[in-house]
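Read off the chains here:
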Amino acid sequence: MKTLIKNGRIVTAVDDYQADILIEDECVSVIGKTLTMEADHSIDAAGKLVIPGGIDPHTHMELPFGGTESSDDFHTGTVAAAHGGTTTIIDFAVQYKGQSLLEGIDNWHQKAEGKTVIDYGFHLITTELEDKQIEELYTAMDEGVTSFKMFMAYPGVFLVDDATIFRAMSAAGQRGGLICMHAENGIVINEIIKRALESGHTAPKYHALTRPTIAEAEGVHRAIAIAEMAEAPVYIVHLSCADALNQVRQARDRGIPAFAETCPQYLFLSIDNYDEPGFDGAKYVMTPPLREKSNQAELWKGLKMDDLQVISTDHCPFCMKEQKELGKDDFTKIPNGAPGVEHRVPLIYNGGVVENRISLNRFVELTSTAAAKMFGLFPKKGTIAVGSDADIVIFDPNKEQTLGLKTSHMNVDYNAYEGKKIKGVVETTLSRGKVVVDNGDFKGKAGDGQFLKRGTCVAI
Ligand code: URP
Ligand code: ZN
Ligand code: ZN
């Protein structure tokens, strides 16, 4: 099967030029000014951007959490991702306490197999790591799971102590593995929550008011300090505020291999969303919570200056009905997480490029290339080059759209960006050369997505 993409403007993290692309055997085989070879299928990309498929390295499909399960499975979630120009997700498998690391990974293989429509990899949420389990961590790495998420938050569920974090960082770091850190002081936060509940504060907004930015900054500082002692790199997930960013910046200025991602919700939504009428604030109950608006400009600056390297979504949807509603009388019972996998690429194009905060190349880097390098997928993924997988998005930079529940594909009963008007629309998404979305129509097939055995980080 040969596909020719004609007349497009190819934009990668470093290039910007007009050329044609020939795709053969799922990969880019020729790039040239004017290609004339025969193909089975030709796509005219005149007036469009031709960019590498988005990589979202932080999703939670079918995650059991807060007494329920995130509402997108690997089918619905990856269909939605493809509509939004994402061609690879890295989801978080979970090793529950008492389980081996490999059991956790096997469980996630069972959830994903036969369902995904785009390629996918796994990180592993690691909740126990004794010395005797370190060989297993290396086996996981040999099987392509080369990054591990650890939590300083959620005591009694996912939280691990500093000794476990140090052991994991040392062990993973020796083989090029990466620890992804949920950095918030969950122990202190739990004390603040107790006080709030004792005072009768049960509304969704108290989720944010009980998780101060300093609790996140302290977690980031501690994670980086432990990584420094372990002589290992660290990657801070879902960084939400200037206080936490300052910790990363200071470490990077000292030459420490500290990396971080932020997410669209921290760039476009704010603590004011918790004031929406009735129980609607629950839509935004996620961890870390939405912050004061003033943090947004700082995060954009961090993205521009490379103190933040990646934009992921932390896609973890729960319906308002029957799921978020679990916390109607107590914000601590609202399942934590929000939908977003479908909107990341266009939102960042609009907020970043159209609104003049970052360059077009940086947009591609933040939504695709940097994650490929960070998580061992580059140059198979994350760029458009001869030999790379033909994960390609044809993006109309001028067309406008209004985001909302009616037009989105995520399996959830609300949209966090309802009514937001943006410029930039995904026209066609190709996954390894196959068109999976064509002008809003889904053309893919469950099971076409392949598991990605990832290598190690090449971003350092
Ligand atoms: O609220 C969130 N972020 N839910 C998903 C779990 C996590 O901490 O990433
Ligand atoms: Zn987290
Ligand atoms: Zn997450």
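So, how was this worked out
Residues numbered from 1 in each chain as written. Chains lettered and ligands numbered in written order. Predicted model: local features only at pLDDT ≥ 70, side-chain atom pairs only at ≥ 80, totals over all residues. Heavy atoms only, no water. Salt bridge = Lys/Arg side-chain N within 4 Å of Asp/Glu carboxyl O. Helix = DSSP H or I, 4+ residues; strand = E, 2+ residues; numbered from the N terminus. Buried < 20%, exposed > 50% of the residue type's maximum accessible area, 1.4 Å probe, protein only. Donors = N, O, S within 2.8 Å, 3.2 Å for Na, K, Ca; no water. Tetrahedral: all angles 85-135°; square planar, octahedral: opposite > 155°, others 65-115°. Near = heavy atom within 4 Å. Polar contact = N/O pair within 3.5 Å; in protein donor to acceptor, adjacent residues only side chain to side chain. Areas by Shrake-Rupley, 256 points an atom, 1.4 Å probe, with all protein chains shown as cover. Nonpolar A, V, L, I, M, F, W, Y, C, P; charged D, E, K, R; others polar. Domains from an automatic or database assignment. Contact = heavy atoms within 4.5 Å. Buried area = accessible area lost by both parts, 1.4 Å probe. Patch = residues over 30% accessible without salt bridge, like charges linked within 9 Å, V, L, I, M, F, W, Y side chains within 5 Å. Lys, Arg positive; Asp, Glu negative; His and termini not counted. Charge placed at Lys NZ, Arg CZ, Asp CG, Glu CD. Pairing = 2+ DSSP bridges. Axes fitted to C-alpha atoms, helices over the stretch in contact; angles between N-to-C directions. Left-handed = near helix turned anticlockwise from the far one by under 90°. Disulfide = S-S within 2.5 Å. Expected span 1.5 Å × (residues − 1). Arc of directions from axis to C-beta. Phe/Tyr/Trp six-rings, centres within 6.5 Å; stacked < 30°, edge-to-face > 60°. Lys NZ or Arg CZ within 6 Å of the ring centre and 35° of its normal.

1. Focus: the pattern of salt bridges
Scanning the model with the defined rule gives 31 salt bridges in all. Taking the shortest distance from any N to any O, the salt bridge between arginine 291 and glutamate 216 comes out at 2.9 Å. You can see arginine 291 sitting in the loop between α9 (264–268) and α10 (294–304) and its partner glutamate 216 sitting in helix α7 (residues 213–230), a full 75 residues away along the chain. The exposure class assigned to arginine 291 is buried, which follows from its relative accessible area of 6%.

2. Here's the deal with the coordination of the zinc ion (ligand 3)
Ideal geometry at a metal centre gives angles of 109.5 degrees when four donors are arranged tetrahedrally and 90 or 180 degrees when six donors are arranged octahedrally. At 2.0 to 2.1 Å from the zinc ion (ligand 3) lie its protein donor atoms, namely His58 (NE2), His60 (NE2) and Asp314 (OD). Classification of the site at the zinc ion (ligand 3) as irregular follows from its 4 donor atoms and the range of 88 to 135° in their angles at the metal. We note that the donor set of the zinc ion (ligand 3) lies within a single chain, spaced as H-x1-H-x253-D. Taken as a pair, the zinc ion (ligand 3) and the zinc ion (ligand 2) lie 3.9 Å from each other. Of this pair, histidine 58 sits in strand β6 (residues 54–59) while aspartate 314 sits in the loop between β15 (310–311) and α11 (344–354), placing them 256 residues apart in sequence. Take histidine 58: its relative accessible area is 0%, and that puts it in the buried class. Assessed through its relative accessible area of 9%, aspartate 314 is described here as buried.

3. Concerning the site of ligand 1
Taken together, 13 residues are adjacent to ligand 1, and Lys149, His182, Thr287, Asp314 and Asn336 come closest. Histidine 182 places a side-chain nitrogen or oxygen 3.1 Å from an oxygen atom of ligand 1. Contact between ligand 1 and asparagine 336: a nitrogen atom at 3.0 Å from a main-chain N or O atom of the residue. Burial of ligand 1 by the surrounding chains reaches 100%, relative to a free accessible area of 270 Å². Per-class residue counts for the shell around ligand 1 are 4 nonpolar, 7 polar and 2 charged.

4. So, the domain arrangement of the chain
When the parts come together, some accessible area is lost, and that loss is often what is quoted as the size of the interface. Domains assigned within the chain are domain 1 (2–51 + 384–442) and domain 2 (53–374). Measuring from the centre of the C-alpha atoms in domain 1 to the corresponding centre in domain 2 gives 27 Å. Taken together, the 43 residues of domain 1 in the interface contact 47 residues of domain 2. Both faces considered, domain 1 and domain 2 share a buried interface measuring about 3,500 Å² in area, 65% of it formed by carbon and sulfur atoms. Broken down residue by residue, the surface that domain 1 buries against domain 2 is led by Met410, Tyr414 and Tyr417, which jointly contribute 21%. As a salt-bridge pair, arginine 432 and aspartate 119 come within 2.7 Å of each other at their nearest N and O atoms. Scanning the region where domain 1 abuts domain 2 turns up 17 residue pairs in polar contact (both at pLDDT 80 or more). Of all elements in the fold, only β1 (2–11), β5 (49–52), β16 (392–402), β17 (421–431), β18 (434–438) and β19 (441–442) reach the threshold of two or more residues within the side of domain 1 that touches domain 2. No other element matches β17, which puts 8 residues into the side of domain 1 that touches domain 2. The class makeup of the residues in the side of domain 1 that touches domain 2 is 21 nonpolar, 11 polar and 11 charged.

5. Things to note about a negative patch on the surface
Taken together, the side chains of Glu103, Asp106, Asp142 and Glu143 define an acidic patch exposed on the protein surface. Structurally, aspartate 142 is set in helix α3 (residues 134–142).

6. Let's talk about the pairing of β1
With respect to burial, β1 is a largely interior element, 7 of its 10 residues being buried. Note: β1 against strand β2 (residues 16–24), 8 bridges, orientation antiparallel. The residue bridging lysine 2 from the neighbouring strand is glutamate 24, located in β2. Two successive antiparallel strands, β1 and β2, enclose a turn made up of 4 residues.

7. Examining the packing of α11 against helix α12 (residues 360–374)
Contact geometry of α11 with α12 gives a least axis separation of 10 Å together with a crossing angle of 150°. Crossing handedness for the pair α11 and α12: right-handed. Taken together, the residues of α12 that come into contact with α11 (itself represented by Arg344, Val345, Ile348, Tyr349 and Val353) are Leu360, Phe363, Leu366 and Thr367.

8. Overview of the state of the cysteines
Inspection of the entire model under this criterion finds 0 disulfides. As a non-bridged cysteine, cysteine 180 has cysteine 457 as the owner of its nearest cysteine sulfur, 9.7 Å distant.

9. With respect to helix α5 (residues 186–198)
A rise of 1.5 Å per residue sets the reference length of α5, with its 13 residues, at 18 Å; its end C-alpha atoms lie 18 Å apart and thus fit the reference within 8%. Among the residues making up α5, those that are buried are Gly186, Ile189, Ile193 and Ala196. The buried residues of α5 occupy one face: seen down the axis, they fall within an arc of 70°. Residues of α5 that are exposed and point more than 90 degrees away from the buried face comprise Arg195 and Glu198. Against the buried residues of α5 lie α7. Of the residues trailing α5, glycine 200 is marked for its positive phi of about 80°.

10. Here's the deal with the packing of aromatic side chains
One pass over the structure, following the stated rule, counts 15 aromatic pairs. With 5.6 Å between their ring centres and 50° between their planes, tyrosine 120 and phenylalanine 122 make a pair best called tilted. What makes phenylalanine 122 buried here is its relative accessible area of 0%. When the centroid spacing of 6.3 Å and the interplanar angle of 45° are considered together, the rings of phenylalanine 363 and phenylalanine 395 count as tilted. Taken together, the residues phenylalanine 363 in helix α12 and phenylalanine 395 in strand β16 connect sequence positions 32 residues apart. Accessibility classification places phenylalanine 363 together with phenylalanine 395 in one group, the buried group. An aromatic cluster is present here, built from Phe65, Phe151, Tyr154 and Phe158 joined pairwise through their rings. Directly above the aromatic system of tryptophan 108 lies the positively charged group of lysine 111, at a separation of 4.4 Å from the ring centroid. A cation sits over an aromatic face here: lysine 373 above phenylalanine 378, 4.8 Å from the ring centre.

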